[in-house]
Amino acid sequence: MKKILIFSLNYFPFVGGAEVAIKEITDRLPTEGFEFHVLAPHYDSNLPKIEQMGRVLVHRFGFAKPGATISDQSRYPLKLNKYWYQLRAASVASKLHAKYRYDAIWGMMAHATGIPAGEFKAKHPDVKYLLTLQEGDPPEYIEKLMKPVWKKFKKGFTEADALQAISTFLMSWGKHMGFTGEGRIIPNGVDTGRFSAVPDEAALSTLKRELGKKDGDIYLVTTSRLVHKNAVDDVIRALPFLPENVSFLVYGVGPDEAMLRALAEEQSVRERVRFMGQIGHEALPLTLAACDIFIRPSRSEGMGNSFIEAMAAGLPVIATQEGGIADFLFDEKKNADKLTTGWAVEKNSPEQIADAIEDILGRPEKVLEVTATAQTLVRTTYDWNNIAQDMADLFAVLLPQETIPPTPADRVQ
């Protein structure tokens, strides 16, 4: 039994792509092979400091308040957690190590946990250290942000025994930052069975009625943090070029919401842009099925679970090819040597977004071909069962003292 402590700046119920990845992978790894712990900020004081959640024992510390939401994380005092975590997580982890005797640590995202993970590794060199790169912000921005603590930040890379990057783009960054050990590109995944399943017709009809969707309406949808890099503003700017029956559903919260609402008013499309708030991951498949086109013209992206979830659900996808998106979104014109899986636009290009939407609406037969190709790609390359097996293989290299048993689920073909 290998005990692994995961450093994470968030964990359930506060979730993004990284937290979903932790849960999906740990749920699928063999129970006789691993025991997982997570060290995360507390945030909500109603949550216990120690809690078993699925296959993971969660240890929480730091600033908290009753009933905190994900939006509260950017407000005082909870926003102090991201700094407090850098200062205290290595020390807290050392105390946990004295009790549990971990075989390895796993740092989830370099900018979030690399500093404390690197410091822990320096103090406990016998404990193996895996770093996962899931960053969505541009590396240049992250590096600029980390300049005041540059030596400690670099140590997060150079101390790592193994590196998992969710895209080719991020693997290149990891090597640029000085990593020299065992490196593997293992992307995030999707539960293809759940997202590709034919939705219950009654539930789908009910949701469309609740959303006010009528025959002939076209719903664009995004699931995004409302921040500059996700370019929700460019979709709003594209709407004036499109017919009145095209609306935009925005699922997510973030600091740019007020600006985006004001932009919708300025562009005279306020009635066509609907801010739906945070959506639970369990509700995503049915919500995607109720919509027509997924869109997120990111200005930067490490990979983006939302894109492959939409592909698995059978939606045509419009995106840029920034960062890790280029690993799976192949455009008819830009990638003539590959099977088409979506519609690629340049960043900061509302007119191109409008053109892509018009192309999708005008070529239904092409849409069927592209979405079928995308679903096949997701099923064979991005299913969580396959990802978990690849992670088990990486842990077997990282912890070679014993043979780690295979994952219980069969690899998806």
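Above: the structure in question.
No experiment lies behind these values; they were computed from the predicted model shown. (Residues numbered from 1 in each chain as written. Predicted model: local features only at pLDDT ≥ 70, side-chain atom pairs only at ≥ 80, totals over all residues. Heavy atoms only, no water.)

Trainee: Summarise the sheet that holds strand β3 (residues 50–53); cite the residues concerned and give the values.
Mentor: The strand order across the open sheet formed by eight strands is β3-β4-β2-β1-β5-β6-β7-β8, and the pairing between neighbours is mixed. The open sheet has two edge strands with one neighbour each: β3 and β8 (182–185). Neighbour to neighbour, the strand axes of the sheet diverge by 25° on average, direction disregarded. By the bridge criterion, six bridges tie strand β1 (residues 2–7) to strand β2 (residues 34–44) in an arrangement that is parallel. (Pairing = 2+ DSSP bridges. Helix = DSSP H or I, 4+ residues; strand = E, 2+ residues; numbered from the N terminus. Axes fitted to C-alpha atoms, helices over the stretch in contact; angles between N-to-C directions.)

Trainee: I'd like a rundown of the packing of helix α2 (residues 81–100) against helix α3 (residues 110–123), residues and numbers included.
Mentor: Viewed as axis vectors pointing N to C, α2 and α3 meet at an angle of 45°, and their least axial separation amounts to 8 Å. The pairing of α2 with α3 is recorded here as oblique in orientation. Crossing angle aside, the handedness with which α2 passes α3 is right-handed. Here α2 contributes Tyr85, Gln86, Ala89, Ala90, Ala93, Ser94 and His97 to the contact with α3, which in turn contributes His111, Ala112, Thr113, Ile115, Pro116, Glu119, Phe120 and Lys123. Partitioned by chemical class, the residues of the contact of α2 with α3 number eight nonpolar, five polar and two charged. (Parallel < 35°, antiparallel > 145°, perpendicular 65-115°, else oblique. Left-handed = near helix turned anticlockwise from the far one by under 90°. Contact = heavy atoms within 4.5 Å. Nonpolar A, V, L, I, M, F, W, Y, C, P; charged D, E, K, R; others polar.)

Trainee: If you had to explain the pattern of salt bridges to someone new, which residues and values would you point to?
Mentor: Pairing between side chains becomes possible if they bear opposite charge and their charged atoms approach one another. Under the criterion given, the structure shown has 24 salt bridges. With a closest N to O distance of 2.9 Å, Glu182 and Arg184 form a salt bridge. A salt bridge links Lys347 to Glu322; its shortest N-O distance comes to 3.9 Å. With Lys347 in the loop between β14 (343–344) and α13 (350–362) and Glu322 in the loop between β13 (317–319) and β14, the pair connects residues that are 25 residues apart, well separated along the chain. Relative accessible area serves as the criterion here: at 38%, Lys347 is assigned to the partly exposed category. (Salt bridge = Lys/Arg side-chain N within 4 Å of Asp/Glu carboxyl O. Buried < 20%, exposed > 50% of the residue type's maximum accessible area, 1.4 Å probe, protein only.)

Trainee: Please set out a nonpolar patch on the surface residue by residue, giving values where relevant.
Mentor: A contiguous nonpolar surface patch, about 290 Å² in accessible area, is contributed by Phe63, Trp84 and Leu87. Mapped onto the elements of the fold, Leu87 is located in helix α2. (Patch = residues over 30% accessible without salt bridge, like charges linked within 9 Å, V, L, I, M, F, W, Y side chains within 5 Å. Areas by Shrake-Rupley, 256 points an atom, 1.4 Å probe, with all protein chains shown as cover.)

Trainee: Explain the sheet that holds strand β11 (residues 273–277) to me, using residue names and the numbers behind them.
Mentor: Taking strand neighbours across the sheet as the criterion, the six strands line up as β11-β10-β9-β12-β13-β14 in an open arrangement whose pairing is parallel. Looking at which strands have only one partner, the edges of the open sheet turn out to be β11 and β14. In this structure, strand β9 (residues 218–223) lies alongside strand β12 (residues 293–296), joined through two bridges in parallel fashion. By the bridge assignment for β12, Val221 is matched with Phe294. Lying on the sheet, α13 is in contact with β9, β10 (246–251), β12, β13 and β14; it crosses β12 at an angle near 165°.

Trainee: Can you tell me about helix α12 (residues 305–312), naming the residues and giving the values?
Mentor: Counting buried residues in α12 gives eight out of eight residues, a clear majority hidden from the surface. The complete set of buried residues in α12 reads Asn305, Ser306, Phe307, Ile308, Glu309, Ala310, Met311 and Ala312. Two residues or fewer past α12, Gly314 is found with a positive phi of approximately 90°.

Trainee: Just give me the short version of the nonpolar core, but keep the residues and values in it.
Mentor: Membership of the largest hydrophobic core comes to 105 residues, with the highest contact counts inside it found for Phe7, Leu39, Trp106, Phe328 and Phe395. Residues in contact with Trp106, not counting those within four places in the same chain, are Ile4, Leu5, Ile6, Phe7, Ile25, Phe36, Leu130, Thr132, Gln164, Met391 and Phe395. If you look at the next biggest cluster of nonpolar residues, it comprises 30 residues, including Ile218, Val232, Ala238 and Ile353. (Core = buried A, V, L, I, M, F, W, Y, C linked by side-chain atoms within 4.5 Å.)

Trainee: Which residues make up the environment of Asn230, and what values go with them?
Mentor: Tracing the sequence through the fold places Asn230 in the loop between β9 and α9 (232–238). Overall, the relative accessible area of 3% leaves Asn230 in the buried class. Taking the C-alpha atoms as reference points, Asn230 and Pro125, 105 residues apart in sequence, are found 38 Å from one another. In this structure, Asn230 is in contact with Ser224, Arg225, Arg296, Pro297, Ser298 and Glu301, ignoring residues within four places of it in sequence.

Trainee: How would you summarise α2 if you had to cite specific residues and measurements?
Mentor: For α2, built from 20 residues, the straight-helix expectation of 28 Å at 1.5 Å per residue is missed by more than 12%, its first-to-last C-alpha distance being only 24 Å. The largest bend along α2 measures about 50° and falls at Arg88. Of all the positions in α2, only Asn81, Tyr85, Gln86, Ala89, Ala90, Val92, Ala93, Ser94, Leu96, His97 and Tyr100 are classed as buried. Residues of α2 that are buried sit in contact with β1, β2, β4 (56–65) and α3. (Expected span 1.5 Å × (residues − 1). Bend = angle between axes of the 7 residues up to and from the residue.)

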